[in-house]
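The primary structure of each chain is shown beneath.
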Amino acid sequence: KSGSDFLFPVIAQPIPASAMAPAMAAGVMRRAAVAGSLRRPAVGTANALKRGLTILATSPPTWRPAVARPGSLVGGQLLLRRNYLESADYAISVKSMEDPLRVLQFMAEHPDSDTRTHEAALRALGRLTNLQNYQQVVEDGRFHAILASLSSRLDDCDARMLSMVADATARFRTSTPELVELAQRLAEVVVRREDAFNPRNLANVAIALAIRGVRDVATVEFIKAEALKLIDDLEPSHCVVLLEAFRRWGIFDRQLVDLVVERMSDEVDRFTARDVVDAFAVISRLGLARGFLLRRLCTLSFENLRQFTPRELTKMAYSLAKLRFLAQGNIDDLADALAPELHRLMGSQITELLYALAMADGRHQIELARSLVGQYVADKKARPIQSLSSLIDFAWAVLALDLVEEFPEEFKSALADIFQRTPPQNRGPLMKLFDAICAIELQHQSLGITVPPVWRAACDDADRFEMDRLESSRLHNELVMRFDHLRGTANGTRWQLRMQRGMQCGPYRVDMLDEDSKICIDIETVSWPTSRKLKHRLLTELGYRPLRLEYWDWRRARTEEDQNIYLQREVTNLLEAQR
């Protein structure tokens, strides 16, 4: 629009200046509030604004067309508009930068920029930092100045801006004291904004605070209360993010989880490919055995495999394998969908697919497994720094698929890279590695692999902690109750098992053991990170009679009679097969 569109509005009836002055003054102050945070008007301009307001308030109640004069109110409006445009230019400039040091320098030269520009700068820094420059950026005083400036302005931000700032803080690889301090300050402001957040903004705030480790009671209760209010408006992506936030907080709220899962089930037809992949991922990390939702999502996914990218397909396979919801037919479908782009997979994408093959016992796809091992080795040479989780997945999968003898040097190299690092806090990788260590000691001593004591202790502790936790679960109690009264006949001989929980069998602990018959039972629960097939193969060599009970088979036996029939059949088949 031309300048005259703003300077000379058309008014049909004269309006008294005394009535118009307060409205125009309020408009000027609102515009000044927007532009003032970017750059304060010069003293002469401020005086001109005051003179213009005074003239409006004291002039006679007759209308005269406005004329733009230097120093008049109209000139002040143009300056404010120019400042607003300058603010937008600052934010766009920051977003377009490709060097984090340039962003820091720009913000140091414009410390009075508005909140939007500061948020854009923080987001840009989160995007531009990598392993090489991360420490340099987060330890820079200019970075700390950006965080401090944002922290001082949070009280004046609306819900949308609070959500954007929270999302920007979550873009950094690790937490620093300054980032945590900003997140805590953000949480203090957020909990005072009841009913202010829409579903998207609430989900962004929740996951950002969870990532930065802010989990005080007031914050968690506020997020829960607001989520329950908005439950009917949540979209699939919001549901996934909220579940992930509470998982990171280490809080399992059954009421919220049940409502969110129900909402996801109702909205299955609105899931995008990314929503499906993220849903499988968070459900597998939580160990949620929600068969109805999983069946609907799997039906949707495998009918539309061509809609997924190769990266999404590997993530989906990885999650479904952990949930024990990946059949061998599904493996074939995924392999066919991935075949044209298989050579483009890299790093953890390769090991996730290899892990899925091992979990689903995909030995009929052994040529694919061999190809993936070779591809990972080549990628490891090209990019020597691989994530710890991908190295552990590779080592466990090679053992589970019985490929160690074909790739001994590659296997040893992966373990050497693992043992050079510090054991993680996450028990999942440690439990996978516990299986690998036991297999090495029982089956592959000739490789001459030495396990560092610190790694052995960490893996032992992880396995023992999880076994103790599951020993008192409702599922295990159900099984013990059924075995107390279970009897059967195998090979013309009556049998009855006296099961004891958490017994030691060689280097392993098993869920249940009958010492007389040496029958040991493990349940393939969705929360355990590895299949028990590798473990049971080694227990068989030690003289035990292992039996795996599939979680989903057990859940299909809904009545006590069905459960007794299922257990009796499985034990009888085991005894008759090993006579």
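Cut-offs applied
- Residues numbered from 1 in each chain as written.
- Predicted model: local features only at pLDDT ≥ 70, side-chain atom pairs only at ≥ 80, totals over all residues.
- Heavy atoms only, no water.
- Helix = DSSP H or I, 4+ residues; strand = E, 2+ residues; numbered from the N terminus.
- Buried < 20%, exposed > 50% of the residue type's maximum accessible area, 1.4 Å probe, protein only.
- Contact = heavy atoms within 4.5 Å.
- Areas by Shrake-Rupley, 256 points an atom, 1.4 Å probe, with all protein chains shown as cover.
- Pairing = 2+ DSSP bridges.
- Axes fitted to C-alpha atoms, helices over the stretch in contact; angles between N-to-C directions.
- Parallel < 35°, antiparallel > 145°, perpendicular 65-115°, else oblique.
- Nonpolar A, V, L, I, M, F, W, Y, C, P; charged D, E, K, R; others polar.
- Core = buried A, V, L, I, M, F, W, Y, C linked by side-chain atoms within 4.5 Å.
- Expected span 1.5 Å × (residues − 1).
- Arc of directions from axis to C-beta.
- Salt bridge = Lys/Arg side-chain N within 4 Å of Asp/Glu carboxyl O.

Enquirer: Could you clarify how one ought to interpret the overall build of the protein chain in this entry?
Expert: If you tally the helices and strands in the protein chain, you get 28 helices and six strands. Among the 579 residues that make up the protein chain, the fraction classed as buried is 51%. Excluding contacts between residues fewer than 6 apart, the proportion of contacts in the protein chain whose partners are at least 24 apart in sequence is 75%. Of the roughly 28000 Å² of accessible surface on the protein chain, 51% is carried by carbon and sulfur atoms.

Enquirer: Could you clarify how one ought to interpret the sheet that holds strand β3 (residues 500–505) in this entry?
Expert: One key point about sheets: their strands pair by backbone hydrogen bonds, in either a parallel or an antiparallel sense. Taken in spatial order, the four strands make up an open sheet running β3-β4-β5-β6, and their pairing is mixed. Lying at the two open borders of the sheet, with one neighbouring strand each, are β3 and β6 (545–550). Each strand of the sheet is rotated relative to its neighbour by a mean of 45 degrees, with strand direction disregarded. Judged from the three bridges that link them, strand β4 (residues 508–514) and strand β5 (residues 519–524) form a sheet pairing that is antiparallel. Counterpart to L513 in the pairing with β5 is C520. Docked against the sheet, helix α28 (residues 560–577) engages β5 and β6, running at close to 150 degrees with respect to β6.

Enquirer: Looking at this model, I keep getting lost on the packing of helix α25 (residues 474–484) against α28. Mind explaining?
Expert: Geometrically, a packed helix pair is captured by the angle between its two axes and the distance between the axes. Two numbers describe how α25 lies on α28: the axes approach to 10 Å, and their chain directions differ by 75 degrees. Classified by the angle their axes make, α25 and α28 are roughly perpendicular. For the pair α25 and α28, the contacting residues are E478, L479, R482 and F483 in the first and E560, Q563, N564, L567 and V571 in the second. Here the contact of α25 with α28 is built from residues that sort into four nonpolar, two polar and three charged.

Enquirer: Where do I start with the nonpolar core in this structure?
Expert: The nonpolar side chains of a soluble globular protein tend to be buried with one another. Judged by nonpolar contacts, the single largest core of 185 residues is most densely connected at F143, F411, I418, L433 and F483. Among the elements that make up this core, the one with the highest residue count is helix α21 (residues 388–400) (ten residues). Other than its neighbours up to four places away in sequence, L433 contacts I392, L415, I418, F419, W455 and C459.

Enquirer: It is not clear to me how the environment of E341 should be interpreted in this structure. Could you clarify?
Expert: Structurally, E341 can be placed in the loop between α18 (328–338) and α19 (348–359). Of the residues examined, E341 reaches a relative accessible area of 26% and is grouped as partly exposed. Counting along the chain gives 31 residues from E341 to P310, while the straight-line C-alpha distance between them is 6.7 Å.

Enquirer: Quick question: what am I supposed to make of α21 here?
Expert: Quick reminder: α-helices carry 3.6 residues per turn. Residues three or four places apart thus point the same way. The end-to-end C-alpha distance of α21 is 18 Å, a good match for the 18 Å that 13 residues give at a rise of 1.5 Å each. Counted residue by residue, α21 has twelve buried out of 13 residues, so it is predominantly covered. Taken as a whole, α21 has its buried residues at L388, S390, L391, I392, D393, F394, A395, W396, A397, V398, L399 and A400. Looking one or two residues past α21, D402 carries a phi angle of roughly 60 degrees, positive in sign.

Enquirer: So what exactly am I meant to see when it comes to the pairing of β3 here?
Expert: Side-chain direction in a regular strand flips from residue to residue, so the side chains alternate between the two faces of the sheet. Pairing geometry for β3 and β4, over five bridges, is antiparallel. Looking across to β4, one finds that M503 is bridged to V510.

Enquirer: What exactly am I supposed to notice about the pairing of β6 here?
Expert: Pairing geometry for β5 and β6, over six bridges, is parallel. Within the sheet, the bridge partner assigned to E524 lies in β6 and is E550.

Enquirer: Even after reading the chapter, I still don't get unusual backbone geometry, so can you show me in this structure?
Expert: The phi torsion at D402 lies on the positive side, around 60 degrees, for a residue other than glycine. Its place among the elements puts D402 in the loop between α21 and α22 (408–419).

Enquirer: Honestly, α18 in this entry has me stumped. Any pointers?
Expert: Buried within α18 we find N330, I331, L334, A335, A337 and L338. Viewed end-on, α18 has its buried residues packed into an arc of 165 degrees, placing them on one side of the element. For α18, the elements touching its buried residues are α16 (291–302), α17 (310–322), α19 and α20 (366–382).

Enquirer: Would you explain the pattern of salt bridges in this entry?
Expert: Pairing between side chains becomes possible if they bear opposite charge and their charged atoms approach one another. Inspection of the entire model under this criterion finds 44 salt bridges. The partner of D155 in a salt bridge is R185, and the shortest N-O contact between them spans 2.5 Å. Of this pair, D155 sits in the loop between α8 (141–153) and α9 (159–169) while R185 sits in helix α10 (residues 177–190), and the two are 30 residues apart along the sequence. The closest approach of N and O atoms between D468 and R509, which form a salt bridge, is 3.0 Å. Pair noted here: D468 is in helix α24 (residues 453–471) and R509 is in strand β4, with a separation of 41 residues, a long-range link.

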